[in-house]
Amino acid sequence: MSVPENGSVSPLSIGPDEPYSEPKRFARKLNPLRWLALANGTPVVLKQLLQVGLIVVWPLWFVWVLIRAVCFFAFWLLLYPVRVNQKKNHPEDYARAQARRLP
């Protein structure tokens, strides 16, 4: 994880040792500090305008990510019997598919 000069950790930074999980990704996307950090590195007046715009857009993004989370978990529950069937009846194929997953 990269640490800026002032010693604070950027909300945009993600360590390589952080495990991959959907709930953590959703929680990370909902962080308003992450959105405000997108304006870093721009001139002051432009940064303020960008931050106001990002604050206005953030609630819409929050609702969108929550909708995605509900859909993700609904499909996860819907396809649970298929995964269990594959794991029970075709263990080699299931293990190969799990190995191909993103880290």
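This one's a predicted model, so the numbers in the text were calculated from it and none came from an experiment. (Residues numbered from 1 in each chain as written. Predicted model: local features only at pLDDT ≥ 70, side-chain atom pairs only at ≥ 80, totals over all residues. Heavy atoms only, no water.)

K.L.:
Before we go on, may I ask you to explain the confidence of the model for the protein chain in this structure?
P.N.:
Caution applies to low-pLDDT regions: their predicted coordinates should not be interpreted in detail. Of the residues in the protein chain, 79% reach a pLDDT of 70 or more, and the chain-wide mean stands at 79. Looking across the protein chain, the model is least confident in helix H1 (residues 22–29), with a mean pLDDT of 74, and most confident in helix H4 (residues 80–89), with 92. (pLDDT = per-residue confidence, 0-100. Helix = DSSP H or I, 4+ residues; strand = E, 2+ residues; numbered from the N terminus.)

K.L.:
I'm lost on the packing of H1 against helix H3 (residues 44–78) in this one. Help?
P.N.:
What describes two packed helices is the angle between their axes and the distance between those same axes. Relative to each other, H1 and H3 sit at 170°, their axes nearing to 10 Å. Considered as vectors, H1 and H3 are oriented roughly antiparallel to each other. Within the contact between the two elements, H1 uses Glu-22, Pro-23, Phe-26 and Lys-29 and H3 uses Trp-61, Val-65, Arg-68, Ala-69, Phe-72 and Phe-73. When grouped by side-chain class, the residues that make up the contact of H1 with H3 number seven nonpolar, no polar and three charged. (Axes fitted to C-alpha atoms, helices over the stretch in contact; angles between N-to-C directions. Parallel < 35°, antiparallel > 145°, perpendicular 65-115°, else oblique. Contact = heavy atoms within 4.5 Å. Nonpolar A, V, L, I, M, F, W, Y, C, P; charged D, E, K, R; others polar.)

K.L.:
Whenever I open this one, the environment of Asn-40 confuses me. Can you help?
P.N.:
Position of Asn-40 among the secondary structure elements: in the loop between helix H2 (32–37) and H3. Assessed through its relative accessible area of 45%, Asn-40 is described here as partly exposed. Through-space distance from the C-alpha of Asn-40 to that of Gln-51 is 9.2 Å; in sequence the pair is 11 residues apart. (Buried < 20%, exposed > 50% of the residue type's maximum accessible area, 1.4 Å probe, protein only.)

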